[in-house]
Amino acid sequence: MEKTINNKAWFLVLPVFLLVAFSAIIPLMTVVNYSLQDTFGNNQFFWNGVGWFKELLDPSTDLGGRFLASLWRNLIFSAVILAIEVPLGIVVALSMPRSGWTVALCLVVLALPLLIPWNVVGTIWQIFGRPDIGLLGYVLNRIGIDYNYVSNEFDAWMTVIVMDVWHWTSLVALLCYAGLKSIPDAYYQAAQIDGASRWAVFTAIQLPKMHRVLLIAVLLRFMDSFMIYTEPFVVTGGGPGNSTTFISIELVKIALGQFDLGKAAALSLVYNLIILIVCWVFYTIMTNAGAERRPAKK
Amino acid sequence: MHSIPGRRIIMTVFLVFLLLPIYWLVNMSFKTNTEIVSTMTLWPHQPTAANYMRIFTDESWYSGYINSLKYVIINTVISIAVALPAAYAFARYRFLGDKHLFFWLLSNRMAPAAVYALPFFNLYSAIGLFDTPWAVALAHCIFNVPLAVWILEGFVSSVPREIDETAFLDGYSFPRFFIKILVPLIASGIGVAAFFCFMFSWVELLLARTLTATEAKPISAIMTRTVSAAGMDWGLLAAAGVLTIIPGALVIWFVRNYIARGFALGRV
């Protein structure tokens, strides 16, 4: 459907623009301001130019080393959870019951983890994984696996990953389910007449139809895992050592822990820039996918 | 046809995986601390409601829930109110810079809260809103408004344009058309958007904790602080956790029929 060109539409958008600009642009200017200065407390600031940015991007300094290490950890984390959650989410969506009261039940239970405050998610897994009082930790240790997420790096990683899978796979599953629901029955009937195998139905009908929602799912999951803070902070506190210190945790440590405003601000800007670039790439792919589909539709 | 072999088993296993940690939390909330620490029991052998009683009678605990609900509701109302006209504009018109504006909005949904924690603290202290529900509600707008616009735009697009035109021919003014015709037509979409605003505002902790001190402290912040100060009171912690799950569970129950569509952001 063609949209009419009407610049008066700006009046309708204005409240949103002002509200978000107030919450986004003013704080961002503060960050830019801090990132170019150094402070020794007492609200005295000194011009520091691009010094913080140079330090940030140089792995041999303390700040640069910490930034790159946490960035790297975060990228691995995002890759791992995407590799687990997307296929698992598709499988769960395909396993949804077809009709009846079980559909509502499954939907409600699936959505449940999404509505739990993030620190409570952390608390749940902190308790659940403890060897002394948690079911998971207790059972694992009972069957002879030495599991302790507080002291062992690998166990800490496993806990954080399983927690994220627990927390967010439902989102992918619900998105895929919404995509599957939009496939008309005629497609399946046609496939049946053609004698298509189960796998062929999946690759030729279901996957292409889920293409769009999957893109949204990957975008949301990548972004949210890239800025994950609360859950690992509650469970592991970024440890043992620095092994689960992701970028946001590192940032809050520098900003609110050490009150190193300049360093934190420079880190924030680079962090934001990475997110902006990824977001733009996805947005372009999404709008292109939408534009390709439009003529086919009508 | 659109399901796979063994789907019942897969679904059951997955649902059990989702429910087990929650069950464990509920289980612990009904135990005494002695029972939690000394024995490993699959259900409470000496069930007690003392943990819940303490939360309901101690104001420093239950005020946290009220504070949280306050900013969540303010945020949801603001987000929907400003997002509706904008969604209509994006769905119906092309205007100068529309695509860039949409992308900019979307990019704010993706901005990490950790980046904004400190500047927000400065900003809201400067304008005297620090430690009020308004500060948190406005701060949460940064990710909820773009999301609401995104969802509602999809729903408005699915309303045929002819309806607008007929209404204007019938002499409806724009505000009247908006309230009398468009809003009822996309009521389910508004419900879905409100659900998402509620959800993301309810689960967020970092900004909510940074922007409040004593008066407006949300429950999630009270949980982290009180518990560590009093030593580990596991039963109380678990009970507080269970109580934070309940509002979400209630909201899900009401919107369960729209969840799937809402998760595809109104675009399927």
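Reading guide: rules and limits
- Residues numbered from 1 in each chain as written.
- Chains lettered and ligands numbered in written order.
- Predicted model: local features only at pLDDT ≥ 70, side-chain atom pairs only at ≥ 80, totals over all residues.
- Heavy atoms only, no water.
- Helix = DSSP H or I, 4+ residues; strand = E, 2+ residues; numbered from the N terminus.
- Expected span 1.5 Å × (residues − 1).
- Bend = angle between axes of the 7 residues up to and from the residue.
- Polar contact = N/O pair within 3.5 Å; in protein donor to acceptor, adjacent residues only side chain to side chain.
- Contact = heavy atoms within 4.5 Å.
- Core = buried A, V, L, I, M, F, W, Y, C linked by side-chain atoms within 4.5 Å.
- Buried < 20%, exposed > 50% of the residue type's maximum accessible area, 1.4 Å probe, protein only.
- Domains from an automatic or database assignment.
- Salt bridge = Lys/Arg side-chain N within 4 Å of Asp/Glu carboxyl O.

A.B. asks: What am I meant to see in helix 4 (residues 59–92) of chain B here?
C.D. replies: Each α-helix winds once per 3.6 residues, and so residues spaced three or four apart point in a common direction. Here helix 4 of chain B contains 34 residues, and its C-alpha end-to-end distance of 49 Å stays within 8% of the 50 Å for a straight helix at 1.5 Å per residue. Along helix 4 of chain B, the largest kink reaches about 30 degrees and is centred on Ala83 of chain B; proline Pro85 of chain B follows within four residues of it.

A.B. asks: Can you walk me through the side chain of Ser35 of chain A in this structure?
C.D. replies: All names here are of chain A. By the secondary structure assignment, Ser35 is in helix 1 (residues 9–35). A polar contact is formed between the side chain of Ser35 and the backbone oxygen of Val32, at a distance of 2.7 Å. Ignoring anything within four residues of it in the chain, the contact list for Ser35 reads Gly49, Trp52, Phe53, Gly262, Ala265, Ala266 and Leu269.

A.B. asks: Help me understand the nonpolar core in this model?
C.D. replies: The tendency in soluble globular proteins is for nonpolar side chains to be buried side by side. Membership of the largest hydrophobic core comes to 195 residues, with the highest contact counts inside it found for Leu110 of chain A together with Phe120 and Val149 of chain B. Take this core: its biggest share by element is 17 residues, from helix 7 (residues 133–157) of chain B. Lining this core are residues from two domains, each supplying at least three of them: domain 1 (1–48) and domain 2 (57–263) of chain B. Each residue touching Phe120 of chain B, except ones within four places of it in the same chain, is listed here: Ser23 and Pro27 of chain A together with Ser125, Ala139, Ile142, Leu207 and Leu211 of chain B.

A.B. asks: When you look at the interface of chain A and chain B in this model, what are you seeing that I'm missing?
C.D. replies: It is common to report an interface's size as the accessible area lost on association of the parts. On the chain B side, the residues contacting the 105 residues of chain A number 99 residues. The interface formed by chain A and chain B contains one salt bridge. Here Arg109 of chain B ties to Asp224 of chain A by a salt bridge, and the two come within 3.6 Å at their closest N and O atoms. Where chain A packs against chain B, one counts nine residue pairs in polar contact (both at pLDDT 80 or more). In terms of residues, the side of chain A that touches chain B owes the most to one element, helix 1 of chain A, which gives 20 residues.

A.B. asks: Sorry, what's going on with unusual backbone geometry here?
C.D. replies: Excluding glycine, a negative phi dihedral is what most residues carry, and trans is how most peptide bonds are arranged. All names here are of chain B. Backbone geometry places Asp131, a non-glycine residue, at a positive phi of 70 degrees. Checked against the element boundaries, Asp131 lands in the loop between helix 6 (113–126) and helix 7. The class of Asp131 is buried, set by a relative accessible area of 13%.

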